[in-house]
Amino acid sequence: MSTQEQSDTTTTSDHQSPDVVVVGAGTAGCYAAATVAHAGYDAVILERKTADEAGHIACGDALKGADSFPEAIPKSKLEPAFTNTGVDHGRFEIPQEDTVLEIPVPGELAVIDRWEYGRRIIDGAEDAGVDFHYDTVVKNVTQADDGRVTGVEAIRKGEPRTYEADIVIDAAGSLSILQDNVDFSESTFDTNVNYRHFCSAYREIVHVDEPVEWDDALVFKPTERAAGYLWYFPRTDTEINAGLGFQMTEEPMKLVDDLKRDLETRPEFEGAEVEDKLGAALPTRRPYDSAVHPGYMAVGDAAGHVNPTTGGGIAGAAYGGKYAADQAIEALETGDYSEDTFWKYNERVMDHFGARYAALDVYNILSTAVDVDDLMGLLAAMPGDKLAEALYSGSTDIGMKLKLEALIKSRGHWGTIWNLYQTKRCADDLLAHYEQYPTSPEGLASWQERRDELMEDVYETTGADPKY
Ligand SMILES: Cc1cc2nc3c(=O)[nH]c(=O)nc-3n(C[C@H](O)[C@H](O)[C@H](O)COP(=O)(O)OP(=O)(O)OC[C@H]3O[C@@H](n4cnc5c(N)ncnc54)[C@H](O)[C@@H]3O)c2cc1C
């Protein structure tokens, strides 16, 4: 009997009560549920897609840092989905400056077959003992009188189902519908979220006849219109993930035309065949200040765990899932489902990547206020390895000789350099503040107050409209 059939036979009633309900069979959900199941607790993943479609998720297919992913799903399980492990740099095409910048990518990077990866993490979670309910669309969240989340209501294959659980983990991705339905008024859960904090992204899988020369690079190019970029990521030397990302304030169709036009003008794509088209929203914002509420935690895209400058969110989702699950296990062992028990999850996220992502968001804010051509001219003048450092760490130090060289090359962009320099100071101050993230919910309000003061400095320095 297939796993799907087994799963169907265990769910004949319209009411289920597992220890933990996880909504969403993406990276965050699979890692969270696998971690809970390994500890011996019942975890059910509810996924709106069918068993065949689950794991088919819009992505650029670039997976960074997989060498140290959480162990709940063994790396050996994922590796067959890594179709290109030979990528070691980014190639930034800057047509305005007639320049191509080659920038090293630090750490391990693979371009993957995302659907195969999606199936493999589901498989890994099943091996750990997780039960999957496909075709199950979560519509609502139930709460007790004291506000604690007690479960979810869903439609499974057209029939209403209720799931009662000690803990609900919201791994439903960007713009999670669950968060529209929970009353968070009595908790620290971050509700300062709006569409300006998201980017739309779209990609096609393209097959070419002749191998491309740049199969060791992630290729980026700014779109003709502001606030967007195109990418070409080689799954193999003849299978390319071609896509674009743009702020939600831009008009989608016009930007998709940019991708089409660029594909048409690149000789290596002549006669190419498009296999699959998919688009979705992704957060390009700081991580949620708090992603916990009694009985409930949000993880992955549902909590803003994405590098806001690269759009990379798979690693954050895997770790967010694991950290939330660790606190879920502690709660199940102690019977205490309060924010205090879950708080360690917020702290670990901030400590691992959240503080860095919040600092990187400052550069996103800057990009909304500066002239894109000017910024591209400046980028073309910067040393590539220092740019790479800035892109991934949120900060960089550049030696005096390089500073002078960059300064001479970047004549004409000195106003932007000064702006960038001041912005970097703001980002460094913010990073230092995030490193002081509070150790309990009680400390959050005063920490936020100081953070908001630092954000005022960011808006004043960059000249950008407030984002939050
Ligand atoms: C076009 C594009 C390109 C990207 N490129 C990259 C890249 O190259 N590298 C990278 O690291 N990241 C990339 N990202 C970001 C990355 O894909 C996400 O950060 C990551 O997938 C987040 O994982 P998640 O588990 O939080 O959410 P998701 O992977 O979105 O999973 C959420 C799941 O929840 C399910 N769901 C949603 N609502 C409900 C509901 N109501 N009921 C039941 N199920 C529900 C969905 O069907 C889905 O299966 C890209 C994103 C996009 C859109």
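Being a predicted model, the structure only gives us computed values, none of them experimental.

Undergrad: Before we move on, could you go through the sheet that holds strand S2 (residues 20-23) and cite the residues and values that matter?
TA: Taken in spatial order, the 6 strands of this open sheet run S9-S3-S2-S13-S20-S19, and their pairing is mixed. Either end of the sheet is taken by a strand with one partner, and the two such strands are strand S9 (131-133) and strand S19 (292-293). Looking at chain direction, strand S3 (residues 43-46) and S9 are connected through 3 bridges and run parallel. Bridge pairing in S9 places Ile 45 opposite Phe 132.

Undergrad: Give a detailed account of the packing of helix H8 (residues 339-367) against helix H13 (residues 444-462), specifying residues and quantitative values.
TA: Direction vectors running N to C along H8 and H13 enclose 15°, while the axes themselves pass 10 Å from each other. Compared by their axis directions, H8 and H13 come out roughly parallel. At the point where H8 passes H13, the crossing takes the right-handed sense. Judged by residue contacts, Trp 343, Val 362, Ile 365 and Leu 366 of H8 engage Leu 444, Met 455, Val 458, Tyr 459 and Thr 462 from H13. Along the lines of polarity and charge, the residues of the contact of H8 with H13 split into 8 nonpolar, 1 polar and no charged.

Undergrad: Can you break down the pairing of strand S6 (residues 89-94) residue by residue, with the values?
TA: One ladder, built from 6 bridges, connects S6 with strand S7 (residues 99-104); its direction is antiparallel. Following the sheet pairing, Arg 91 is matched in S7 by Glu 102. Count of turn residues in the S6/S7 antiparallel hairpin: 4 residues, of which Asp 98 carries a positive phi of about 50°. As paired elements, S6 and strand S15 (residues 217-222) share 4 bridges and run parallel to each other. Within S15, the residue paired with Phe 92 across the bridge is Phe 220.

Undergrad: I'd like to hear about the sheet that holds S7, residue by residue, with values.
TA: Sheets are built from strands paired through backbone hydrogen bonds, the pairs being either parallel or antiparallel. Pairing in this open sheet of 7 strands is mixed, and the strands run S7-S6-S15-S16-S17-S14-S18 from one edge to the other. Two strands close off the open sheet at either side, each with one partner strand: S7 and strand S18 (273-283). On average, each strand axis in the sheet is tilted by 20° relative to the strand beside it, whichever way the strands run. Across 7 bridges, the pairing between strand S16 (residues 228-234) and strand S17 (residues 239-247) is antiparallel. Across the sheet, the residue bridging to Gly 228 is Phe 246, located in S17.

Undergrad: Give a description of the site of the ligand that names residues and reports values.
TA: As a structural note, the neighbourhood of the ligand is formed by 37 residues, with Ala 28, Glu 47, Gly 60, Ala 62 and Asp 301 the closest of them. One nitrogen or oxygen atom from the side chain of Glu 47 is found 2.6 Å from an oxygen atom belonging to the ligand. Taking Ile 314, its main chain carries an N or O atom lying 3.1 Å from an oxygen atom of the ligand. Protein contact buries 93% of the 1,000 Å² of open area that the ligand shows by itself. If you list the elements that add at least two residues to the shell around the ligand, you get helix H2 (27-38), strand S10 (136-143), strand S14 (198-207), S18 and helix H7 (314-334). Per-element accounting of the shell around the ligand gives the leading share, 3 residues, to S10. In terms of residue class, the shell around the ligand is made up of 21 nonpolar, 10 polar and 6 charged. Looking at the shell around the ligand, you find at least three residues from each of domain 1 (14-85 + 110-192 + 285-351) and domain 2 (196-283).

Undergrad: Which residues make up unusual backbone geometry, and what are the values?
TA: You will see that Asp 135, though not glycine, has its phi angle at about 55°, which is positive. Within the element layout of this structure, Asp 135 appears in the loop between S9 and S10. What makes Asp 135 partly exposed here is its relative accessible area of 28%. You will see that Leu 175, though not glycine, has its phi angle at about 55°, which is positive. Tracing the chain through its elements places Leu 175 in the loop between strand S13 (167-170) and helix H5 (178-181).

Undergrad: Summarise H2; cite the residues concerned and give the values.
TA: With 12 residues, H2 should cover 16 Å at 1.5 Å per step; its first-to-last C-alpha distance of 16 Å lies within 8% of that length. In terms of burial, H2 is a largely internal element, 11 of the 12 residues being buried. Listing the buried residues of H2 in full gives Thr 27, Ala 28, Gly 29, Cys 30, Tyr 31, Ala 32, Ala 33, Ala 34, Thr 35, Val 36 and Ala 37. After H2 finishes, the residue Gly 40 shows a positive phi value of roughly 95°.

Undergrad: Please provide a residue-by-residue account of the side chain of Asp 190, values included.
TA: Mapped onto the elements, Asp 190 comes out in the loop between H5 and S14. Once you skip the residues sitting within four places of it in the chain, Asp 190 turns out to touch Arg 285, Tyr 288, Asp 289 and Ser 290.

Undergrad: Please give an account of the pattern of salt bridges that cites residues and values.
TA: Scanning all chains against the criterion turns up 25 salt bridges. Taking the shortest distance from any N to any O, the salt bridge between Asp 276 and Arg 203 comes out at 3.1 Å. Within this pair, whereas Asp 276 is found in strand S18, its partner Arg 203 is found in strand S14, the two being separated by 73 residues in sequence. Owing to a relative accessible area of 17%, Asp 276 belongs among the buried residues under this scheme. A salt bridge links Arg 450 to Glu 453; the nearest nitrogen and oxygen atoms lie 2.8 Å apart. Placement of the pair is Arg 450 and Glu 453 together in helix H13, with a separation of 3 residues, close to one helical turn. Its relative accessible area of 39% is what places Arg 450 among the partly exposed residues. Residue classification places Glu 453 among the partly exposed positions, given a relative accessible area of 41%. If you follow the salt bridges from partner to partner, you end up with Arg 91, Glu 93, Glu 102, Lys 221, Asp 262, Arg 266 and Glu 268 in one network.

Criteria and cut-off values
Residues numbered from 1 in each chain as written. Predicted model: local features only at pLDDT ≥ 70, side-chain atom pairs only at ≥ 80, totals over all residues. Heavy atoms only, no water. Pairing = 2+ DSSP bridges. Helix = DSSP H or I, 4+ residues; strand = E, 2+ residues; numbered from the N terminus. Axes fitted to C-alpha atoms, helices over the stretch in contact; angles between N-to-C directions. Parallel < 35°, antiparallel > 145°, perpendicular 65-115°, else oblique. Left-handed = near helix turned anticlockwise from the far one by under 90°. Contact = heavy atoms within 4.5 Å. Nonpolar A, V, L, I, M, F, W, Y, C, P; charged D, E, K, R; others polar. Near = heavy atom within 4 Å. Polar contact = N/O pair within 3.5 Å; in protein donor to acceptor, adjacent residues only side chain to side chain. Areas by Shrake-Rupley, 256 points an atom, 1.4 Å probe, with all protein chains shown as cover. Domains from an automatic or database assignment. Buried < 20%, exposed > 50% of the residue type's maximum accessible area, 1.4 Å probe, protein only. Expected span 1.5 Å × (residues − 1). Salt bridge = Lys/Arg side-chain N within 4 Å of Asp/Glu carboxyl O.

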